[in-house]
Every structure is written in structure tokens, then in C-alpha cells.
Amino acid sequence: MTTFVDRVELHVAAGNGGHGCASVMREKFKPLGGPDGGNGGRGGDVILVVDQSVTTLLEYHHSPHRKATNGKPGAGDHRAGKDGQDLVLTVPDGTVVLDKRGNVLADLIGQGTTYVAAEGGRGGLGNAALSSARRKAPGFALLGEPGDLQDIVLELKTVADVALVGYPSAGKSSLISVLSAAKPKIADYPFTTLVPNLGVVTAGSTVYTIADVPGLIPGASQGRGLGLEFLRHVERCSVLVHILDTATLESDRDPVSDLDAIEEELKQYGGLEDRPRVVVLNKIDVPDGQDLADLIRPDLLERGYRVFEVSAVARTGLKELSFALADIVGKARAAKPKEEATRIVLRPKAVDDAGFTVTYDEQEDVYRVRGEKPERWVRQTDFNNDEAVGYLADRLNRLGVEDQLMKAGARAGDGVAIGSEENAVVFDWEPSMMAGAEMLGRRGEDHRLEAPRPAAQRRRDRDAERDEAQREFDDFQAI
């Protein structure tokens, strides 16, 4: 059964905001009590948090769909709805968050590091919050906004200072078990190690982590064997340690060709050219192993490698290796730029930034309005309530949408679409509309919406013509 997973696709959904409440106080001995509808609660966020006690993404492999709770709707007597509870998902240290296209959204390193993967929707305002001197008792409330829906990919890249690379059964697991307190599975058959093993090594005053990266063989960077699954775990290391088996029983292999093959795979994977290399000749306790180590050592030194001869079984040469790695890690840490405290960056809005854009869509014959505020206001509007629709028109007018439509060439009766092509709300525009509060009738009504809608009729006629043309084409094809 799978016990280690380092890449998953996660489908997260934040909570929806609760709807506001439209209520009017009706209580004995309290005439003209006024609106008392409360606001809806905010939807819960989906938050990723680094927990160093978590070492795998296995939990999300089995249950990749996660959803935060919704906000509660408001109620009368000025009672606000309860906020939805945030959903906190713990991830291992070194988790990278990507979108479906492979773009990096966040790199989570360090205990407690957080990232909001999906934001909860805002709660809708109740009619008590919408009342004003003109609109004393609104007969509507705002709807809660839907929460974000995100499809993200989580990739675990082990946070280690030293990465042990080499052929299966080269002795990586044995070496990490004697250098640290790690207890990996050790056996004399290939691909014994199926997951990266981490160990902590103390050499003098330096403490560093060491990782055993399994399954590297020729073709690993193209998906052969297990190497491709774990090559990402060497990306964060400060030094690469080649473990060469000097006592291999395979006649077609030798330590130098093994080194060249692994280096070629690292080159194909890319991004590791600047990491210092160390070569460890393992299993010198075997007589033939020591002879082979003496034979190839000059060639390796000539190539510029630092070479160490060790035996994980006899525990020889380990102290020199651990202190040499500590020295390299210490230099790498000192060379890293110091982390600066996060600065607060203020980005004021430009003077000429209206917060929305107006463009003409020739294909659909509508003027399309895009912007954060207009699109959010549309999502908050209950289109079954005429007064709520009139309130939306007033807000858009105050924002300056009408002025921009005039500049774009829109005329009375033209269609105006607010939102993206996939999820837009289309209106028939009537310029110079009076404020809704000045034309209100009974609660929930707005007389401006009783006028005919020529743009809507034109769209219906155009859609009917398209359907008729499609039917004629289908009939012709059938003949």
C-alpha cells in the first residue's frame, strides 16, 4: 500500500458567504420600527499551513476534495450570521503550490508558513445596513458571494542540506543509517528504498540534514524506474554526494560509469549544475572493493572531485566525511543572502484608474463591463427582486459606468454585459436614470424595470435566426 506521496492534485472550495436578511421590525408599542435585517456571515477560507511533523501528502491523495464551511445567513432583530470556519490543511515543509498550468503560486518553507489557497465569499448586507435617508426601509438584502473554487497541485521538495544519489543498492540507506539516527529499510536487492529518507547529522557545532534519494538509474529523467518521481527532492540541497559501489556484483557496471550515468541524469533534469559534488567510494571493507577504490581514486581526483573512502558496515571513514560535508554546508549557508523582514508595500490606485473597463463585443453585440466592483455587485444582487436590481443600477451609476458607456458609444436600449463571457449578466441600458430611491413604489419594486427591453428582444431574434439556420443546415446534412 502507498505510504509516501509527494505530488497530489487538490480541489479546494472556500465557503460561500451567507445572505443578508430583509426584515422590518414589527413589535407592539414600537411603531415605525424600521429595517432590522442582519448581515450574512463570511465564508471560511482554505489555508495551507506547514507542519514539520507531516512528511507526506498521502492524506490528500486519498481525499483530494476539500471544502470550508459556509457563512450563516443573517436574521431579523439585527442578528448577524455566523462566519464559516476556516479549513486548515497541514502540509510538509518544502511543499510547492502550483496551478494546473504549472505556475508556482507559493513555496512553503518553514514551520507555520501559511498560504490561503481559496478565499471565502463575503457575507451579504442586510437591509438594516442598506437603509439611508432616501431609502428608509429597503425591501431587499444583498446575497452572499460564492467562495473561490481552485484546482491546485502540491509538490513536496525535501528540505535537506545534503542529497545522497547513486544506483540502487549502492549503500545510500546504510550510510544514512550510520551517519544519523534514521532507520531506513535496508536489503540487498534493487529499489529497496521506495521513499526519500531524511536524517539529521551533527558534526562539531554544525547540524545539517541529509536525504537519501532513491531509484536513480539511466533514463530516470525521462521516467524510467523511480528516479523521476524523486529527482525534485535534490533541488533544495547544498551539496550532492555520489555514492559509488566498489563491490558491485554486476559485470557490466563499474563505479566510474555509474558516476557518469547519474551525472547525465542530473544534467537532463537541469538546475543542479552549480551544486558542489562529493564522491564517496562505499563498501571498501570488501577486499575487492578496496582494490577498486585505489584504482579509480586518481581518475576521480583528476576530474576535480573530493573523494572519500568509507564503509558503512565497518564504520570507517565516516567522521572525515561528516565533517567535510559540514564544512561545505556551512559555507553554503554563509553565502546565502540574509533574509530581510517582509516589508509592507503600498500600491495606491492611479488617479485615472476607474476600477473597471468598458469594451464593445461585436460578436455578441453588447458592451462588456469588467471590473472587481461591478462583478462583485452583480454576484450580490437578487435578480428576483426589482428593488435590488434598481439598487444595483444606482451603484453602477455612482461608480461612473454610465459615463464610460457614453464615451464608448452606447445608446439607449443597447445591451450591457457585466462579467466574463461564460458568466455574464446582460442588461438593457437606459442612460440618465434617476436614483432608485426617488422612484420607489412598494418594497421590492422599481418602476424603471417596467420599460420595454429592445436589446433583449434583438438578442432573442438573433438567437432564433441562428437556431433556424442550424436546423436548416442539419436538415440539409440529413439529406
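Heads up: the structure comes first, above all this text.
On a predicted model such as this, the values are computed, not experimentally measured, just so you know.

Caption draft 1: Local environment of the side chain of Arg277. Looking at the secondary structure, you find Arg277 in strand E13 (residues 277-282). Here Arg277 falls in the buried class, since its relative accessible area comes to 17%. Of note is the side chain of Arg277, whose polar atom sits 2.9 Å from the side chain of Glu263. At 2.8 Å, the side chain of Arg277 forms a polar contact with the backbone oxygen of Arg275. The contact partners of Arg277, leaving out residues within four places of it in the chain, are Leu240, His242, Glu263, Leu266, Leu272, Tyr305 and Arg306.

Caption draft 2: Structural context of a negative patch on the surface. Taken together, the side chains of Glu364, Asp365, Glu421, Glu422, Asp461, Asp463, Glu465 and Asp467 make up a negatively charged region of the molecular surface. Along the polypeptide, Glu465 turns up in helix H11 (residues 454-478).

Caption draft 3: Region of interest: helix H6 (residues 287-302). With 16 residues, H6 extends 24 Å between its outermost C-alpha atoms, agreeing within 8% with the 22 Å of an ideal straight helix rising 1.5 Å per residue. Along H6, the helix axis deviates most sharply at Ile296, where the bend reaches about 35°; the proline Pro298 sits within four residues downstream. Among the residues making up H6, those that are buried are Gly289, Ala293, Ile296 and Leu300.

Caption draft 4: Spotlight on the packing of aromatic side chains. Summed over the entire model, instances satisfying the criterion amount to three aromatic pairs. Measuring from ring centre to ring centre gives 5.2 Å for Phe140 and Tyr391, while their planes differ by 45°; the resulting arrangement is tilted. Of this pair, Phe140 sits in the loop between helix H2 (127-130) and strand E8 (149-156) while Tyr391 sits in helix H9 (residues 386-399), and the two are 251 residues apart along the sequence. The class for Tyr391 is buried, based on a relative accessible area of 13%. Their ring planes at 45° and their centres at 4.8 Å tell us that Tyr360 and Tyr367 sit as a pair that is tilted. On the accessibility criterion, Tyr360 (41% relative accessible area) is partly exposed.

Caption draft 5: Highlighting the packing of helix H5 (residues 255-269) against H6. Contact geometry for H5 and H6: axes closest at 10 Å, N-to-C directions at 45°. In terms of orientation, H5 and H6 fall into the oblique class. Residues Pro255, Val256 and Leu259 of H5 touch H6, and the partners they reach there are Leu292, Ile296, Asp299 and Leu300. For the contact of H5 with H6, the per-class residue count stands at six nonpolar, no polar and one charged.

Caption draft 6: Up close: the sheet that holds strand E16 (residues 366-371). On the basis of which strands lie adjacent, the open sheet formed by four strands has the order E15-E16-E17-E18 and mixed pairing. Of all the strands in the sheet, just strand E15 (356-361) and strand E18 (425-428) have a single pairing partner and so form its edges. Put simply, the sheet's adjacent strands are angled 25° from each other on average, direction ignored. Two elements, strand E17 (residues 415-418) and E18, share four bridges in a ladder whose sense is antiparallel. Counted as the bridge partner of Val416 is Phe427 from E18.

Caption draft 7: Fine view of the nonpolar core. In this structure, Val162, Leu175, Val278 and Leu321 are the most contacted members of the largest nonpolar core, which totals 26 residues. For this core, the element with the most residues is helix H7 (residues 318-335), which contributes seven residues. Ignoring any residue separated from it by four or fewer positions in sequence, one finds Val162 in contact with Tyr208, Thr209, Ile210, Ala211, Cys237, Val239, Val241, Leu325 and Val329. Formed by 22 residues, the second largest nonpolar core is a distinct cluster that contains Val50, Leu58, Val91 and Ala106.

Caption draft 8: Highlighting the packing of helix H3 (residues 172-179) against H7. At a closest axis distance of 11 Å, the pairing of H3 and H7 adopts a crossing angle of 85°. Taken together, H3 and H7 sit at an angle that is classed as roughly perpendicular. Between H3 and H7, the contacting residues are Leu175, Val178 and Leu179 on the first element and Leu318, Leu321 and Ser322 on the second. A breakdown of the residues in the contact of H3 with H7 according to their chemical character gives five nonpolar, one polar and no charged.

Caption draft 9: Spotlight on the environment of Asp403. With respect to the secondary-structure elements, Asp403 resides in helix H10 (residues 401-407). Of the residues examined, Asp403 reaches a relative accessible area of 47% and is grouped as partly exposed. Spatially, the C-alpha atoms of Asp403 and Pro431 are 8.9 Å apart, while their sequence positions differ by 28 residues.

Caption draft 10: Main features of the pairing of strand E1 (residues 7-13). Note that E1 and E8 share seven bridges and pair antiparallel. Opposite His11, over in E8, you have Asp151 as the bridge partner. Here E1 pairs with strand E3 (residues 65-67) via three bridges, running parallel. Each residue of the ladder has a partner; that of Val12, found in E3, is Arg66.

Caption draft 11: Just the pattern of salt bridges, in detail. In the structure shown here, the tally under the stated rule is 23 salt bridges. Between Glu372 and Arg376 there is a salt bridge whose closest N-O contact spans 3.7 Å. Of this pair, Glu372 and Arg376 both sit in helix H8 (residues 372-379), four residues apart, roughly one helical turn. Through salt bridges with shared partners, one network takes in Arg42, Asp45 and Asp86.

Caption draft 12: Structural view of the environment of Asn397. Mapped onto the secondary structure, Asn397 falls in helix H9. Sequence-wise, Asn397 and Pro431 are 34 residues apart; in three dimensions their C-alpha atoms are separated by 9.2 Å.

Conventions and cut-offs
Residues numbered from 1 in each chain as written. Predicted model: local features only at pLDDT ≥ 70, side-chain atom pairs only at ≥ 80, totals over all residues. Heavy atoms only, no water. Helix = DSSP H or I, 4+ residues; strand = E, 2+ residues; numbered from the N terminus. Buried < 20%, exposed > 50% of the residue type's maximum accessible area, 1.4 Å probe, protein only. Polar contact = N/O pair within 3.5 Å; in protein donor to acceptor, adjacent residues only side chain to side chain. Contact = heavy atoms within 4.5 Å. Patch = residues over 30% accessible without salt bridge, like charges linked within 9 Å, V, L, I, M, F, W, Y side chains within 5 Å. Areas by Shrake-Rupley, 256 points an atom, 1.4 Å probe, with all protein chains shown as cover. Salt bridge = Lys/Arg side-chain N within 4 Å of Asp/Glu carboxyl O. Lys, Arg positive; Asp, Glu negative; His and termini not counted. Charge placed at Lys NZ, Arg CZ, Asp CG, Glu CD. Expected span 1.5 Å × (residues − 1). Bend = angle between axes of the 7 residues up to and from the residue. Phe/Tyr/Trp six-rings, centres within 6.5 Å; stacked < 30°, edge-to-face > 60°. Axes fitted to C-alpha atoms, helices over the stretch in contact; angles between N-to-C directions. Parallel < 35°, antiparallel > 145°, perpendicular 65-115°, else oblique. Nonpolar A, V, L, I, M, F, W, Y, C, P; charged D, E, K, R; others polar. Pairing = 2+ DSSP bridges. Core = buried A, V, L, I, M, F, W, Y, C linked by side-chain atoms within 4.5 Å.

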